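# Structure assessment
Below are the chains, spelled out letter by letter.
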Amino acid sequence: MNTRRFDALIIGGGGAGLRAALQLARSDYKVAVVSKVFPTRSHTVSAQGGITAALANVDDDRWEWHMYDTVKGSDWLGDQDAIEFMCREAASAVYELEHMGLPFSRLEDGRIYQRPFGGQSKNFGGEQATRTCAAADRTGHALLHTLYQQNIARRTQFFDEYFALDLLRDAEGYCLGVTAMSIETGEPLLIEARTTLLATGGAGRVFWNSSNAMINTGDGLGMVLRAGLPLQDMEFWQFHPTGVAGVGCLITEGARGEGGYLLNRNGDRFMERYAPHAKDLAGRDVVARAIAIEIAEGRGCGLHGDHVDLKLDHLGEAAIAEKLPGIRDLSIRFAGVDPAKAPIPVAPTAHYMMGGIPTNLHGQVVAPAHYGPEEPVPGLYAVGECACVSVHGANRLGGNSLLDLVVFGRAAGTHMLEYLRDNPYARPLPEDAADPSRARLARWDRRGSERVTAISDDLRRTMQAHCGVFRTDAVLREGLEKLSELEARLAHAELQDTSRVFNTARIDALELENLIGVARATLVSAIHRTESRGAHTREDFPQRDDGNWLRHTLYSREGDQIDTKPVRLKPLTVESIRPKERVY
Amino acid sequence: MKFRLYRYNPETGAKPFMQDVELDIEPAGKMLLDALLAIKAQDETLSLRRSCREGVCGSDAVNVNGQNRLACITPLSELKQPVEVRPLPGLPVIRDLVVDMEPFYRQYRSIKPWLVNDAPEPEVERLQSPEDRALLDGAYECILCACCTTACPSFWWNPDTFVGPAGLLQAYRFIADSRDEATAARLDNLEDPYRLYRCRGIMNCVDVCPKGLNPTAAIGRIRSLLVKRRV
């Protein structure tokens, strides 16, 4: 196998990977970014509403209030040290993006424009705050392009359209790089690096109805599972309240932040019943459940009663054109509705994975080893949606994911520099390190009777039916049985197309292997957690159970093993925010 | 529906050919990408790029009935049959609908697409008035899909020397940014018979931009800045 050698290696060219790359590019170390798509095609580009930071440009604000809201939003499953760190660093991370050239929308006085978002409050649960910094409704696009541009300026080495296969580790557990494959030529490649960062994003394509790009297939999670490392809190998936009905494309929470609201078939503003105070800007899990209940109880809109209406026309055409131009475009194209004239049909859509690869707040991947549940895996880092640090806990607040990317991307990049300084020499790579990857690729040259597309479709339908907004033990277990059947079918799957050059069918197959791992982790973790918290709603266990479940789930592939570890309730410097009932 | 797809696999040694495909699909509410993926589900040897499927990532630009478009936001109901789908023109074809985008990216990089401001960084944001910010509207939204540049005859003739509409629109995005200090250098970089002035105002770029942007207007503004600094 051809081999390339770098000091630092980043897998993933989205916001988190590019922010980390930038931190490393400012040093003399050799850095490479591997991305299965050209970096600006990464899913960060789809983020609409904004990035949250308590700049107080519009209204009073403090990072402590942002921290309170994030802890409450997480339903107390978020680690308070990581949340404090993120909210403290938020303002500087946003200013830094502005200095890099991000074209934020502006207020009259020339400062960065901010809009209200769900779950935001002043003064620890008081009035609505205005905290989310925006570039119209294309903030992710603006952020991703800006970070990519900065990386071009610093001549970061990119491996575009290379698909990462597996982590390389030695007997002592050090991560020494990855195996990858050029999509264009089909050639495998071994990339050695003293330190590796996974920034591979989410896996929302595991659901049928998803806001996620087709590339969101949990590749980093699959790599971690195959390396025998655990995944954390995989039962927690955010269903965004407002996907375009029947399509899944996202309508930003910013649409409600700018004054839009939801209506059922009777024309009721039903969120007033579910969240009397915050109404349409309650936490996303709360709004998504409310919509699901309205639909289930026969108050959905449309011929089939399968969605609710998002009303925006009262904002006026000018405001919609200025603040929500992209949304208007999407709505006209995918729902056939101009929101300046008529309401947009919306329904919950799988959107964000709160769980992921467990890390500490330096982005180091942590796993149970010799002394405790949180020992760093030497040389291995993870940030962004693929990671679980955990700042989002059981439910992420809107605007916190872009923030997570840049804050922890920067922190991980900084820590990787320290790691490189402390570990100046590359460790020898075991001779057989790439064997599992070779076997994995060779497996897809075998003949079989099943097709990858059919299994993928069935997987997504299974997860949609068995692991959606509302869950019960019986439904989850049935889902797990169906998943086992899908795994059996996968073992007999074949590729019709065994060519080398730009064989996307082969990539689809490798992605399906990763998705199946994600699905199993999700179902097993969801069965195990016998309480309702944040986005994980168990109809058979409707209450939050702090006595038993103020704990993170750790899933390992070997024997579907579940461990837990306590939530970190102690912040870095401020008082702990004690669990209480979560009402909006 | 009837489709005619450009097929080419470099490994077979066969010449590129047009493949007739009949697909059972109800066009209402569906996009061209849905049809291409349904065709790929039957015959997985068809190769194409795709990701966001909502017109923001710029992966799936193809030539449809003679016009460059994003497959994911092209309604099937709009298309005359047989729907002829080819790779973007003017770039080397790697396979089927997948082109080598590097000549396009190289021109993008050549305009130094990053903000230059060497003033000491304030501890907060640099201020920009809403009016100055509004100058970036219509420029920063570019998704680098290459629909415009590969529809431009000037780029077809001079892909190595003409920046092309997408690159020039991005050059303008930084020239127009009140925070950027490198306007003079950016104009120097473009004052060249080929890099900028190969634009003949054909305006194919404006016709095809899936985001509704107007590179020709941006090129016009760069030209007038160049004229202004002469006199």
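Residues numbered from 1 in each chain as written. Chains lettered and ligands numbered in written order. Predicted model: local features only at pLDDT ≥ 70, side-chain atom pairs only at ≥ 80, totals over all residues. Heavy atoms only, no water.

Right, let's talk about the overall build of chain B for a bit. The helix and strand inventory of chain B stands at eight helices and seven strands. Along the longest, intermediate and shortest principal axes, the C-alpha atoms of chain B span 60 × 35 × 30 Å. Considering chain B as a whole, with its 231 residues, one finds that 55% of them fall into the buried category. For chain B, contacts bridging at least 24 residues in sequence account for 64% of all contacts bridging at least 6. Entry remark: accessible area of chain B is about 9600 Å², with carbon and sulfur atoms responsible for 52%. Taking the 30 positively charged and 31 negatively charged side chains of chain B as two groups, their mean positions are separated by 5 Å. (Helix = DSSP H or I, 4+ residues; strand = E, 2+ residues; numbered from the N terminus. Buried < 20%, exposed > 50% of the residue type's maximum accessible area, 1.4 Å probe, protein only. Contact = heavy atoms within 4.5 Å. Areas by Shrake-Rupley, 256 points an atom, 1.4 Å probe, with all protein chains shown as cover. Lys, Arg positive; Asp, Glu negative; His and termini not counted. Charge placed at Lys NZ, Arg CZ, Asp CG, Glu CD.)

Mapped onto the fold, R138(A) is located in the loop between β5 (132–133) and α4 (139–153). With residues up to four places along the chain from it excluded, the contact list for R138(A) reads A47(A), Q48(A), P325(A), G326(A), Y140(B) and E141(B).

What follows is about the domain arrangement of chain B. All names here are of chain B. What the domain assignment lists for chain B is domain 1 (2–99) and domain 2 (102–230). Placing a centre on the C-alpha atoms of domain 1 and another on those of domain 2 gives a separation of 29 Å. Across the boundary between the two partners, domain 1 contributes 15 residues, which contact 15 residues of domain 2. For the pair domain 1 and domain 2, the two sides together bury roughly 1000 Å², of which 66% comes from carbon and sulfur. One can count three residue pairs in polar contact (both at pLDDT 80 or more) joining domain 1 with domain 2. Counting residues per element, the side of domain 1 that touches domain 2 draws most heavily on strand β4 (residues 67–70), which supplies four residues. A per-class count over the side of domain 1 that touches domain 2 returns nine nonpolar, five polar and one charged. (Domains from an automatic or database assignment. Buried area = accessible area lost by both parts, 1.4 Å probe. Polar contact = N/O pair within 3.5 Å; in protein donor to acceptor, adjacent residues only side chain to side chain. Nonpolar A, V, L, I, M, F, W, Y, C, P; charged D, E, K, R; others polar.)

This part covers helix α10 (residues 325–334) of chain A. Count 3.6 residues to each turn of an α-helix, and residues three or four apart come out pointing the same way. All names here are of chain A. Most of α10 is tucked away, with seven of its 10 residues classed as buried. For α10, the set of buried residues is P325, G326, I327, R328, L330, S331 and F334. For α10, the secondary structure elements touched by its buried residues are β11 (237–244), α9 (317–323) and β14 (344–353). Immediately beyond the C-terminal end of α10, within one or two residues, lies G336, with a positive phi of roughly 65°.

So, about the sheet that holds strand β13 (residues 308–311) of chain A. Residue and element names in this part refer to chain A. Here four strands make up an open sheet; going across it, the order is β11-β14-β13-β12 and the pairing antiparallel. On the outer flanks of this sheet lie β11 and β12 (261–263), each paired with one strand and no other. Here the strands of the sheet are splayed against their neighbours by 50° on average, with no regard to which way each runs. Bridge analysis of β12 against β13 gives three bridges, and the strand direction is antiparallel. Residue L263 lies in a different strand from β13, and its bridge partner there is D309. (Pairing = 2+ DSSP bridges. Axes fitted to C-alpha atoms, helices over the stretch in contact; angles between N-to-C directions.)

Next up on the list: the nonpolar core. Core analysis: the largest hydrophobic core is formed by 175 residues, its most contacted members being I51(A), F408(A), F3(B) and L32(B). Among the domains, domain 1 (2–99) and domain 2 (102–230) of chain B are the pair contributing at least three residues each to this core. Not counting residues within four places of it along the chain, the set of residues in contact with F3(B) comprises Q19(B), D20(B), V21(B), L23(B), L32(B), A35(B), I39(B), L76(B), P82(B) and V83(B). With 77 residues, the next largest nonpolar core counts L165(A), F207(A), V469(A) and V98(B) among its residues. (Core = buried A, V, L, I, M, F, W, Y, C linked by side-chain atoms within 4.5 Å.)

Glancing now at helix α2 (residues 102–110) of chain B. Those residues of α2(B) not exposed but buried are P103(B), F104(B), Y105(B), Q107(B) and Y108(B). Tucked into the core, α2(B) has its buried residues touching α4 of chain A together with α4 (153–157) and α5 (164–175) of chain B.

A few words on empty space enclosed by the protein. In this approach the atoms are scanned with a rolling probe the size of a water molecule, which exposes any empty space left behind. Residue and element names in this part refer to chain A. In the structure shown here, the tally under the stated rule is seven cavities of 30 Å³ or more. In this structure, the largest cavity occupies an estimated 720 Å³ of space. Forming the boundary of the largest cavity are 46 residues, of which H43, T44, G201, N216 and E385 lie nearest the centre. Listed by contribution, the elements that provide at least two residues to the lining of the largest cavity are α1 (15–25), β2 (31–35), β7 (162–169), β14 and α11 (400–422). (1 Å grid on protein atoms, 1.4 Å probe; cavity = no way out; pocket = protein on both sides within 12 Å on 5 of 7 lines; lining within 4 Å. Points joined across faces, edges and corners; volume = space filled by probe spheres on them.)

Opposite the 60 residues of chain B that make contact, chain A presents 64 residues. Both faces considered, chain B and chain A share a buried interface measuring about 5000 Å² in area, 51% of it formed by carbon and sulfur atoms. When residues of chain B are sorted by the area they lose upon contact with chain A, E44(B), R53(B) and E125(B) head the list and together hold 15% of the total. Linking chain B with chain A are 38 residue pairs in polar contact (both at pLDDT 80 or more). Those elements that provide at least two residues to the side of chain B that touches chain A are α1 (32–42), β6 (93–95), α2, α3 (130–134) and α5 of chain B.

Under the definition given, this model contains zero disulfides over all chains. C57(B) carries a free sulfur, and the closest cysteine sulfur to it, the one in C52(B), is 3.7 Å from it. (Disulfide = S-S within 2.5 Å.)

What follows deals with the side chain of S401(A). All names here are of chain A. Take S401: it is sitting in helix α11. A residue is classified by how much of its surface remains accessible, and S401, at 16% relative accessible area, is buried. With residues near it in sequence (within four places) discarded, S401 still touches Y352, H392 and R396.

Looking now at unusual backbone geometry. Residue S390(A) follows V389(A) across a cis peptide bond; omega there is -5°. Topologically, S390(A) is positioned in the loop between β18 (387–388) and α11. For the bond running from Q81(B) to P82(B), omega is -10°, close enough to zero to count as cis. Its location among the elements puts P82(B) in the loop between β4 and β5 (83–86). Phi angles above zero are rare outside glycine, and A56(A) is one such case at about 60°. Its location among the elements puts A56(A) in the loop between β3 (51–52) and α2 (63–73). The exposure class assigned to A56(A) is partly exposed, which follows from its relative accessible area of 28%. For D233(A), which is not a glycine, the phi torsion comes out positive at approximately 55°.

Taken as a whole and judged by the stated rule, the model has 12 aromatic pairs over all chains. Judged by centre distance (6.3 Å) and plane angle (90°), the rings of F270(A) and Y274(A) are edge-to-face. These aromatic residues form a ring-pair network of at least three members: F38(A), Y148(A), F158(A), F104(B) and Y105(B). The ring of W208(A) has R460(A) lying over it, and the distance from NZ or CZ to the ring centre is 5.0 Å. (Phe/Tyr/Trp six-rings, centres within 6.5 Å; stacked < 30°, edge-to-face > 60°. Lys NZ or Arg CZ within 6 Å of the ring centre and 35° of its normal.)

Residue and element names in this part refer to chain A. One pass over the full model with this rule turns up 78 salt bridges over all chains. The shortest N-O distance in the salt bridge between R333 and D329 comes to 3.4 Å. Taken together, the residues span about one helical turn, with R333 and D329 both in helix α10 at a distance of four residues. Across the pair E450 and R489 runs a salt bridge whose closest N-O atoms are separated by 3.1 Å. Of this pair, E450 sits in strand β19 (residues 450–451) while R489 sits in helix α14 (residues 473–491), and the two are 39 residues apart along the sequence. In this structure, a network of salt bridges that share partners links the residues D75, D233, E235, D285, R289, R529, E531, R533, R544, D546 and R582. (Salt bridge = Lys/Arg side-chain N within 4 Å of Asp/Glu carboxyl O.)

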